[in-house]
Amino acid sequence: NAGVTQTPKFQVLKTGQSMTLQCAQDMNHEYMSWYRQDPGMGLRLIHYSVGAGITDQGEVPNGYNVSRSTTEDFPLRLLSAAPSQTSVYFCASSPGGDRGNTIYFGEGSWLTVV
Amino acid sequence: AQSVSQHNHHVILSEAASLELGCNYSYGGTVNLFWYVQYPGQHLQLLLKYFSGDPLVKGIKGFEAEFIKSKFSFNLRKPSVQWSDTAEYFCAANDYKLSFGAGTTVTVRA
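Residues numbered from 1 in each chain as written. Chains lettered and ligands numbered in written order. Predicted model: local features only at pLDDT ≥ 70, side-chain atom pairs only at ≥ 80, totals over all residues. Heavy atoms only, no water.

1. Here we look at the pattern of salt bridges
(1) Moving on: A full pass over the atoms with the stated rule returns seven salt bridges over all chains.
(2) Moving on: Where Asp38 of chain A meets Arg36 of chain A, a salt bridge forms, and the shortest distance between an N and an O atom there is 2.8 Å.
(3) Moving on: Accessibility expressed as a relative area gives 8% for Arg36 of chain A, which makes it buried.
(4) Moving on: Residues Lys58 of chain B and Glu64 of chain B are paired through a salt bridge, measuring 2.8 Å at the closest nitrogen-oxygen approach.
(5) Moving on: Note on Glu64 of chain B: relative accessible area 17%, which makes it buried.
(6) Moving on: Among the charged side chains, a network of salt bridges with common partners joins Lys58, Glu64, Glu66 and Arg77 of chain B. (Salt bridge = Lys/Arg side-chain N within 4 Å of Asp/Glu carboxyl O. Buried < 20%, exposed > 50% of the residue type's maximum accessible area, 1.4 Å probe, protein only.)

The structure is reproduced here in structure tokens:
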């Protein structure tokens, strides 16, 4: 029962570096998404995917790329890290994009950009 | 697009006090509503959810929430809090993409 697995849990980057946050789910969910959590702002949607090969932008997509080559994996790429991207990142999945499906979250990735 | 607002940023209570956290959403159509809790250093966990039917929803750990369609509200309640309820609470609404409120930090003093 792995659920949603995110790696790494903690990462420190220098400004301008690139990195990829990995997300994998073993529940055969169609819908996957990435959120960032910042104090006083709740969780904001970065990118989401409704199935393999399909991705779309959320509320705060700038500076991030995603791809969905398989149902299981949904990596988030930071192209050129900036201090404003210091945040906690959560990957989530649900059985479908339909309303009413519970969304399952990973344990979070704490990213600091210096 | 859906938006969700939570009334309180930080609530401080004593043990055994009652808790009520306000949540309003903006979408006028059919909407599914959730409350999530995040304990310090942990990920989000689902407390309860409303899809349809009885507007009074019971969740885990003694929490409940009431959906009032006319007020676009989905307030969370617990009659008697414990120290272990110290956490951040997020209201969320799903009309296609899940939108979250800014969160309410609840601190329960022993």
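2. Examining the interface of chain B and chain A
Interfaces are frequently sized by the accessible area removed from exposure as the parts join.
(1) Moving on: Opposite the 24 residues of chain B that make contact, chain A presents 23 residues.
(2) Moving on: A combined buried area of about 1900 Å² lies between chain B and chain A, and 56% of that area is made up of carbon and sulfur atoms.
(3) Moving on: There are zero salt bridges connecting chain B and chain A.
(4) Moving on: Our count for the chain B to chain A interface comes out at three residue pairs in polar contact (both at pLDDT 80 or more).
(5) Moving on: Listed by contribution, the elements that provide at least two residues to the side of chain B that touches chain A are strand E5 (32-38), strand E6 (44-50), strand E10 (87-94) and strand E11 (98-100) of chain B.
(6) Moving on: Take the side of chain B that touches chain A: its biggest share by element is four residues, from E5 of chain B.
(7) Moving on: Split by residue class, the side of chain B that touches chain A holds twelve nonpolar, eight polar and four charged. (Contact = heavy atoms within 4.5 Å. Buried area = accessible area lost by both parts, 1.4 Å probe. Polar contact = N/O pair within 3.5 Å; in protein donor to acceptor, adjacent residues only side chain to side chain. Helix = DSSP H or I, 4+ residues; strand = E, 2+ residues; numbered from the N terminus. Nonpolar A, V, L, I, M, F, W, Y, C, P; charged D, E, K, R; others polar.)

These figures come from the coordinates and say nothing about function on their own.
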